[in-house]
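Understanding the architecture of this molecule
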Amino acid sequence: MSYITGVGLTPFGRHEGSSSLDLMSKAAQAALDDAGLKRADIDGILCGYSTVSPHIMLATVFAEHFGIRPSYAHAVQVGGATGLAMTMLAHHLVVSGVARHVLVVAGENRLTGQSRDASIQALAQVGHPDYEVPLGPTIPAYYGLIANSYMHEYGVTEEDLAEFAVLMRAHACTHPGAQFHDPITVADVMASKPVAMPLKLLDCCPVSDGGAAFVISCERTGETGVRIRGCAQAHTHQHVTAAPALSEFGAEISIARAKEATGLAISDVRYAAIYDSFTITLAMLLEDLGLAGRGEAAARVRGGHFGRDGAMPLNTHGGLLSYGHCGVGGAMAHLVEAHLQMTGRAANRQVRDASIALLHGDGGVLSSHVSMFLERVR
Amino acid sequence: MSEHLGDWTKGEQAIIYQTCTSCGHVQYFHRAFCAACGTSDPLEQRASGEGRVYATSLVCRAATPETRAHVPYNIVLVDCAEGFRMMAHGENNLGIGDEVTASFAPFAGKLVPFFTRRK
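Please read all numbers here as calculations on a predicted model, not as lab measurements. (Residues numbered from 1 in each chain as written. Chains lettered and ligands numbered in written order. Predicted model: local features only at pLDDT ≥ 70, side-chain atom pairs only at ≥ 80, totals over all residues.)

Here we come to the overall build of chain A. The number of helices and strands found in chain A is 12 helices and 11 strands. By the compact-globule yardstick of 21 Å for 378 residues, chain A fits well, its C-alpha radius of gyration being 19 Å. Counting across all 378 residues of chain A, residues that qualify as buried make up 61%. Considering only residue pairs separated by 6 or more positions, chain A has 77% of its internal contacts joining residues 24 or more positions apart. (Helix = DSSP H or I, 4+ residues; strand = E, 2+ residues; numbered from the N terminus. Rg over C-alpha atoms; globule rule 2.2 N^0.38 Å. Buried ≥ 20, exposed ≤ 12 C-beta atoms within 10 Å, placed from the backbone. Contact = placed C-beta atoms within 7 Å.)

Now the structure itself:
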């Protein structure tokens, strides 16, 4: 068995003067403190990448900087799915006895460390270097293509997508660490600057500075335990040109595998932490995972289903869309928030019952998927 | 080794695709083998340039000075008549399902496939 024994998260937004290593260290220290562990207890380190400070050996760079000599360490790169992929690996390392306490960490000064153009340009490189990138697509354009086709197939409108941005902003308004605290409306989203149609500025996550970390352990260190019940991945393609048909989404494959691995059903889930790089990403993943019927997710948002007091509270910290997106750490914030909810520490955001949480991460252009179930044990 | 034809990615005004000589799998990204069955040397052919729009996204925010000069430009995915999907540029008013035909247009210092509605 494996447990998430500690979590750490910095505020997202501007951290002027902080390097990627600074943000990683801050989050890592918070996770260690939360777990009640010391540096010497950590025998495994997994870390994400930094587009601002790329390094071929970031995990050992971090280990040296932070002051740990682990028996297992390396970086992991699966785009937006990296955080959950590292958690899945940590789970297996702990379960198989390779390590006792694995520190999973990521952080990046993506907002203040480079220009927005540089960020957009760096991320567009997930496209094919010969057959896509020369055409000048951006990450929003890759997802704009997917949005265009999904909306056409299932009758989803731009106003429907806007609901997800409004919901994530409403949640962010209740979290002091979120990058954005001004409430927005569907009309605001519709009137925001076009980026890659049908996606407008408020359909897109921001670029942020921030860091996040967790400790995955073979035994509980606190009173309330959060156990990794099981997880699974699916990788269907890299480039949107090579993506499978709308009927064969990777998220459907990975969630089916995760359900099989755990014996859990979607009806068991009480809290959802779902990747939301764009409004379309969140809408599609909710429907792929079975948290809403096809084309029905927006109606559920309007009905309050995904709110703090709804039947399926979702990303109560504000998600990538409004808590912010600092790269790998961005989606790790979803897990930190799930952990706070499951352990009853989410303050004014606390939901009634977060006994079982479903987490899902997506990397590339719906290319790489990780689904994970967490369970509270007392 | 079959002849390697030049396409738009190499500066030629052509769209090239590959067909596996063993299993018949059609692929657009050039490889020395069939990605479905592994057979070497898939047959390279020039595509007709005819197809149907699968999806579009009008880019209004570009990230480099060279691409910004073209904003807005329409990124399209086209299902080509020969059975492969490709990314290209297209007329700004193209919609899903439109029958289109390819020509080539300058973009950021290169000629790229540009689809227009079939007359």
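On to the overall build of chain B, then. Secondary structure assignment for chain B yields one helix and eight strands. Ordered by position from the N terminus, the helices and strands of chain B form the series β-β-β-β-α-β-β-β-β. Counting every position in chain B, which comprises 119 residues, the buried fraction comes to 36%. Looking at chain B alone, contacts between residues at least 24 apart form 46% of all its contacts between residues at least 6 apart.

Bringing the interface of chain A and chain B into the picture now. If you look at the interface, chain A gives 24 residues, while chain B gives 29 residues. Among the elements of the structure, α4 (116–124), α5 (139–154) and β5 (194–196) of chain A are those that each provide at least two residues to the side of chain A that touches chain B. A total of six residues in the side of chain A that touches chain B trace back to one element, the largest contributor, which is α5 of chain A. Of the residues assigned to the side of chain A that touches chain B, the class counts are 12 nonpolar, nine polar and three charged. (Nonpolar A, V, L, I, M, F, W, Y, C, P; charged D, E, K, R; others polar.)

Turning our attention to the domain arrangement of chain B. Residue and element names in this part refer to chain B. Taken domain by domain, chain B holds domain 1 (1–46) and domain 2 (50–117). Computed over C-alpha atoms only, the centres of domain 1 and domain 2 are separated by 21 Å. Facing seven residues of domain 1, the contacting portion of domain 2 comprises 10 residues. Considering only residue class, the side of domain 1 that touches domain 2 consists of five nonpolar, two polar and no charged. (Domains from an automatic or database assignment.)

Right, let's talk about helix α3 (residues 82–95) of chain A for a bit. All names here are of chain A. The end-to-end C-alpha distance of α3, which contains 14 residues, comes to 20 Å, matching closely the 20 Å that a straight helix rising 1.5 Å per residue would cover. Counting buried residues in α3 gives 12 out of 14 residues, a clear majority hidden from the surface. Along α3, the residues classified as buried are Thr82, Gly83, Leu84, Ala85, Met86, Thr87, Met88, Leu89, Ala90, His91, Leu93 and Val94. Following α3 by one or two positions, Gly97 adopts a phi angle in the positive range, close to 85°. (Expected span 1.5 Å × (residues − 1).)

All names here are of chain B. The three strands are arranged β2-β1-β3 in an open sheet whose pairing can be described as antiparallel. The open sheet has two edge strands with one neighbour each: β2 (26–27) and β3 (43–46). Bridge analysis of strand β1 (residues 16–19) against β2 gives two bridges, and the strand direction is antiparallel. Residue pairing in the sheet places Gln18 in a bridge with Gln27 of β2. (Pairing = 2+ DSSP bridges.)

What follows deals with the environment of Ala232 of chain A. Residue and element names in this part refer to chain A. Take Ala232: it is sitting in strand β8 (residues 225–235). For Ala232, a count of 20 C-beta atoms within 10 Å translates into the label buried. For the pair formed by Ala232 and Lys193, sequence separation is 39 residues and the distance between their alpha carbons is 37 Å. If we ignore the near neighbours within four places in the chain, the residues touching Ala232 are Ser254, Arg257, Ala258, Ala261 and Ser371.

A few words on unusual backbone geometry. The peptide bond linking Met197 of chain A to Pro198 of chain A adopts the cis configuration, its omega dihedral lying at 10°. Its location among the elements puts Pro198 of chain A in the loop between β5 and β6 (199–200). Here the residue pair Val71 of chain B and Pro72 of chain B is connected by a cis peptide bond, since its omega of -5° sits within 30 degrees of zero. Of note, Pro72 of chain B is situated in the loop between α1 (65–68) and β5 (73–80). One non-glycine residue with positive phi stands out, namely Leu366 of chain A, at about 55°. In this structure, Leu366 of chain A sits in the loop between β10 (356–363) and β11 (368–377). One non-glycine residue with positive phi stands out, namely Ala108 of chain B, at about 50°. Structurally, Ala108 of chain B can be placed in the loop between β7 (99–107) and β8 (110–117).

All names here are of chain A. Between helix α1 (residues 20–35) and helix α2 (residues 58–66), whose axes approach to 11 Å, the crossing angle comes to 65°. Considered as vectors, α1 and α2 are oriented roughly perpendicular to each other. Regarding α1 and α2, the two cross each other, and that crossing is right-handed. Contacts between α1 and α2 involve Leu21, Met24, Ser25 and Ala28 on the former and, on the latter, Phe62, His65 and Phe66. (Axes fitted to C-alpha atoms, helices over the stretch in contact; angles between N-to-C directions. Parallel < 35°, antiparallel > 145°, perpendicular 65-115°, else oblique. Left-handed = near helix turned anticlockwise from the far one by under 90°.)

Turning next to the environment of Leu289 of chain A. Residue and element names in this part refer to chain A. Within the element layout of this structure, Leu289 appears in helix α9 (residues 279–289). Residues Leu289 and His360, 71 residues apart in the sequence, show an inter-C-alpha distance of 8.6 Å. Contacts of Leu289, omitting those with residues within four sequence positions, involve Ala251, Ile255, Leu358 and His360.

Time to look at α1 of chain A. Residues and elements named next belong to chain A. Between its first and last C-alpha, α1 extends 23 Å over 16 residues, near the 22 Å set by a 1.5 Å rise per residue. Across the 16 residues that make up α1, a large majority, 12, are buried. All of the buried residues in α1 are Ser20, Leu21, Leu23, Met24, Ser25, Lys26, Ala27, Ala28, Ala31, Leu32, Asp34 and Ala35. In this structure, the buried side of α1 is in contact with β1 (3–9), β2 (44–47), α2, β4 (101–109), β7 (209–217) and α12 (328–342). At the C-terminal side of α1, Gly36 shows a positive phi close to 70°.

This next bit is on the pairing of β10 of chain A. Residue and element names in this part refer to chain A. Of all eight residues in β10, seven are buried, a share of seventy percent or more. In terms of strand pairing, strand β9 (residues 271–274) meets β10 through four bridges, oriented parallel. From the neighbouring strand, Ile274 faces β10, where its bridge partner is His360. Sheet analysis places β10 next to β11, joined by eight bridges and oriented antiparallel. Residue His360 lies in a different strand from β11, and its bridge partner there is Ser371. In this structure, the hairpin formed by β10 and β11 is closed by a connection of four residues, where Gly364 is found at a positive phi of approximately 75°.

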